[in-house]
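# Structural description and commentary
Below, each chain spelled out in residue letters.
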Amino acid sequence: MAEYTGGSVVSYYVDGVNGNNTNNGTSPGTAWKTIQYGFDKIADSTLGDGDELRIMATKVYHIGAPLTSTWSSKEVVITGATSANTALVDGTVVEINGNTADMDGKTMCHSSVATNDHTIFANLYFNAADNAQCCFHDSVTNTHLSRFINCRFSSAKEDGVRIDSSNYYRWYNCRFDNNAGIGCYQSGSQFGIAYKCLYDNNGGDGLKIATSAIVIDCVSFGNSADGIASSCSGVDVVNCVLDSNFNNGHEIAGGGRAVGIGNIYSNNGSGGAAGSGIVVGSNAETALFNCQFHNNDTTWGYTTGTDHLSLYNCVTGGSDPGFLQPYGPTFDFTPSSTFSGIGNGMPTPFTWFGSTADDIGLNKWKSSESISVF
């Protein structure tokens, strides 16, 4: 695999086995020892805008204290890399593990002093191991354009990720799973984007959003509360699958606004209080285009007579999506060839898998494809 970086980009390395914090960090052979030391070198401006911190997959990194990010507005990339002497970034995911006595009930990675503005985190697995309280927590106001790519947040005692105050976050190809609370809770975010993410088997909601967000090509499956819960001024949910959640596929709290396009709401309400494909709260205004409801406890629910739910070209009671393997480890949400959502949608102006039809769901119609994370 060839890899190229611009002439002004400096790569720094962390090697948990062979590294030493007295090294200069600028090559795999002179790597630093600990992730926190690498974070500290971002904060003291050893790493500048455009530089990168590569965490080598030499072992599982068992942390004994919360990782703290105390820099402000640093355009750096923090990413997992291979353990080879070249330490390539090729999608290798590095595990950071919170199963140590010192981490009991604490957050694995905490931003509470400055902001992670413009920072990119990639190829990292935050495993709380049923010990740490939270995988990632941001309690600072006005973090802008922080991005997580191909990361996983798993097995926290409470929420997998919690974003407080007014913040702006993007999540791409991430997984939030098996947390005792909510998978990802953007409790104070001003805006968020989730693209091709998986929220599964959490003890609360899969995704909970307090303000505006766009959720595209995501799956929320098998959560013990709602697949998505939103109370924001505007959330768009597009080409998503909301399946087998204990309560509702999507619950929209009073005063919320939502648009849904091409979503599958299936098998929700296995015993929850509401148990609907979608629930619209008091004074909430929601419009759904090209969506399908199948085998929910009830198709939709309302809070009061002031709710507004409009459906356009939607299918209620259509055929079973017949997902190929909606359980782990594959999580293959390819619908069966007999699914009534195939070809049912607004036409697109370009060819997608050889067709201009906007199928309901994830547009995954080939069994060779899956949305599996890691």
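Residues numbered from 1 in each chain as written. Predicted model: local features only at pLDDT ≥ 70, side-chain atom pairs only at ≥ 80, totals over all residues. Heavy atoms only, no water.

### Let's talk about the side chain of R175
The topology assignment puts R175 in strand β15 (residues 175-177). When its relative accessible area of 9% is taken as the criterion, R175 is described as buried. A polar side-chain atom of R175 sits 2.9 Å from a polar atom in the side chain of D200. (Helix = DSSP H or I, 4+ residues; strand = E, 2+ residues; numbered from the N terminus. Buried < 20%, exposed > 50% of the residue type's maximum accessible area, 1.4 Å probe, protein only. Polar contact = N/O pair within 3.5 Å; in protein donor to acceptor, adjacent residues only side chain to side chain.)

### Points about the sheet that holds strand β5 (residues 77-81)
Strand order in the open sheet formed by 12 strands is β1-β2-β5-β8-β11-β14-β17-β20-β23-β26-β29-β32, and the pairing between neighbours is parallel. Single-partner strands in this sheet number two, and they are β1 (11-14) and β32 (308-312). Mean inter-strand twist for the sheet, computed between neighbouring axes without regard to direction, equals 10 degrees. Note that strand β2 (residues 52-56) and β5 share five bridges and pair parallel. Bridging from a neighbouring strand, I55 pairs with G80 of β5. The strands touched by helix α1 (residues 35-43) within the sheet are β1, β2, β5 and β8 (120-122), with β2 carrying the most contacts at an inclination of about 175 degrees. (Pairing = 2+ DSSP bridges. Axes fitted to C-alpha atoms, helices over the stretch in contact; angles between N-to-C directions. Contact = heavy atoms within 4.5 Å.)

### Details of the pattern of salt bridges
Inspection of the entire model under this criterion finds 10 salt bridges. D164 serves as the salt-bridge partner of R162, at 3.1 Å between the closest nitrogen and oxygen. Note on D164: relative accessible area 17%, which makes it buried. When the shortest N-O distance is used, the salt bridge between D200 and R175 registers 2.9 Å. Linking D200 in strand β18 (residues 198-200) with R175 in strand β15, this pair joins segments that are 25 residues apart in sequence. The class of D200 is buried, set by a relative accessible area of 0%. A single network of salt bridges, built from pairs that share partners, joins R152, R175, D177 and D200. (Salt bridge = Lys/Arg side-chain N within 4 Å of Asp/Glu carboxyl O.)

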